[in-house]
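Examining the three-dimensional arrangement
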Amino acid sequence: MRIIIHAGFHKTGTTTVQKTLRANREVLRPHCRIILRPGMVALCEAARAYSISRSQTDLAMIGYEAAALADGWATRGKDIVISSEDLAGHMPGRHGLTVYDATPRIMKALVQAFAAAAPVAEQVLYFTTRAASPWLRSCYVQHLRATRITLDAEAYATDMAGSANLDQIVAEVAAAVPDIRVVSQPLEACKTPLGPLAPLLDLLGGIDPATLTPRPPDNTAPPQGKIDAMLALNRSTLSDADWRVAKDTLKREDF
């Protein structure tokens, strides 16, 4: 039995991985059980909470929720595939976070809880990464969509440059869980139709990629005109309530 945990990072093709897994759930059912965010909301929220608070209480809650999720796995024997970028904590740029420095401790709590529940299972941590410049750009657009950030893309990239060394975070995760296999794959290297899902399938083994239906990349950046319009709205004097209405309207408009 294997437990493969795809824990991030944000804006590295994770949505495409999850939607492709969901779309191919019936094909994959004989090979593995798939758990996405809707099936582990409490665990994802515990990880996000700890990334802000760094409290021992929230860290313990990660272990508790992971143990509850894993209850019964050892007796079922089927491989488990878990995918949610929220397991890495909040995206840098939210709640004052400037880097994924909570992720190694989150992963340690997670794998310890899974090991206690399924002691004979092999665990693998899989991270998708991305080159710094496109990653920062993609994070900026995501913040622009969801928050009232007023920085332009260049200023954001300058301020948050230290958050973009995803390979360093992967190395820190590996150091935190030395007995666990940690694998990373740059998004730019995922050239097959299944994109960043393909390396995860390689970890599972025994699955013919040709039996799966690919999905086009999800959650891609909008046109530059819409990005400029979102920034203008964020910088406007609209009340927060009116800003939310205007932002929702803008999201539905074609550019």
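Below, the structure is looked at part by part.

**Let's talk about the overall build of the chain**
The secondary structure content of the chain amounts to twelve helices and five strands. Rg of the C-alpha trace for the chain: 19 Å, near the compact-globule value of 18 Å for 255 residues, within the 12% margin. Taken along the three principal axes of its C-alpha coordinates, the chain extends 60 × 45 × 30 Å. Taking all 255 residues of the chain together, 46% fall into the buried category. Sequence-distant contacts in the chain: of pairs separated by 6 or more residues, those separated by 24 or more amount to 78%. Taken as a whole, the chain presents about 11800 Å² of accessible surface, with 53% of it coming from carbon and sulfur. For the chain, the separation between the mean place of its 28 positive charges and that of its 26 negative charges on side chains is 4 Å.

**A closer look at the sheet that holds strand β2 (residues 32-36)**
Across the sheet, which stays open at both edges, the five strands sit in the order β2-β3-β1-β4-β5 with parallel pairing between neighbours. Among the strands making up the open sheet, the edge pair consists of β2 and β5 (181-186). Neighbour-to-neighbour, the strand axes of the sheet open up by a mean angle of 20°, direction not taken into account. When β2 meets strand β3 (residues 79-83), the two strands line up parallel, connected through five bridges. Each residue of the ladder has a partner; that of Leu36, found in β3, is Ser83.

**Side note on the nonpolar core**
Membership of the largest hydrophobic core comes to 57 residues, with the highest contact counts inside it found for Ile5, Ile82, Leu87 and Phe114. Among the elements that line this core, the one with the most residues is helix α6 (residues 103-117), at seven residues. Here Ile5 is in contact with Ile82, Leu87, Leu110, Val111, Phe114, Gln123, Val124, Leu125 and Tyr126, once residues within four sequence places are set aside. In terms of nonpolar packing, the next biggest core, distinct from the first, is built from 20 residues, Ile4, Ile34, Val183 and Leu201 among them.

**Some details on the layout of surface pockets**
Taken as a whole, the largest pocket holds about 620 Å³ of empty space. Together, 37 residues line the largest pocket, and Lys11, Thr12, Gly13, Asp218 and Asn219 are the ones closest to its centre. Elements with a contribution of two residues or more to the lining of the largest pocket: α1 (14-23), α7 (132-146) and α11 (224-234). The biggest single contributor to the lining of the largest pocket is α7, with five residues. Residue classes in the lining of the largest pocket are distributed as 14 nonpolar, 14 polar and nine charged.

**Focus on the environment of Val99**
Summarising the element assignment, Val99 is placed in the loop between β3 and α6. Of the residues examined, Val99 reaches a relative accessible area of 22% and is grouped as partly exposed. With residues near it in sequence (within four places) discarded, Val99 still touches Pro92, Gly162, Ser163 and Ile169.

Rules behind the numbers
- Residues numbered from 1 in each chain as written.
- Predicted model: local features only at pLDDT ≥ 70, side-chain atom pairs only at ≥ 80, totals over all residues.
- Heavy atoms only, no water.
- Helix = DSSP H or I, 4+ residues; strand = E, 2+ residues; numbered from the N terminus.
- Rg over C-alpha atoms; globule rule 2.2 N^0.38 Å.
- Buried < 20%, exposed > 50% of the residue type's maximum accessible area, 1.4 Å probe, protein only.
- Contact = heavy atoms within 4.5 Å.
- Areas by Shrake-Rupley, 256 points an atom, 1.4 Å probe, with all protein chains shown as cover.
- Lys, Arg positive; Asp, Glu negative; His and termini not counted.
- Charge placed at Lys NZ, Arg CZ, Asp CG, Glu CD.
- Pairing = 2+ DSSP bridges.
- Axes fitted to C-alpha atoms, helices over the stretch in contact; angles between N-to-C directions.
- Core = buried A, V, L, I, M, F, W, Y, C linked by side-chain atoms within 4.5 Å.
- 1 Å grid on protein atoms, 1.4 Å probe; cavity = no way out; pocket = protein on both sides within 12 Å on 5 of 7 lines; lining within 4 Å.
- Points joined across faces, edges and corners; volume = space filled by probe spheres on them.
- Nonpolar A, V, L, I, M, F, W, Y, C, P; charged D, E, K, R; others polar.

Everything listed here is a matter of coordinates, which is why it stays silent on function.
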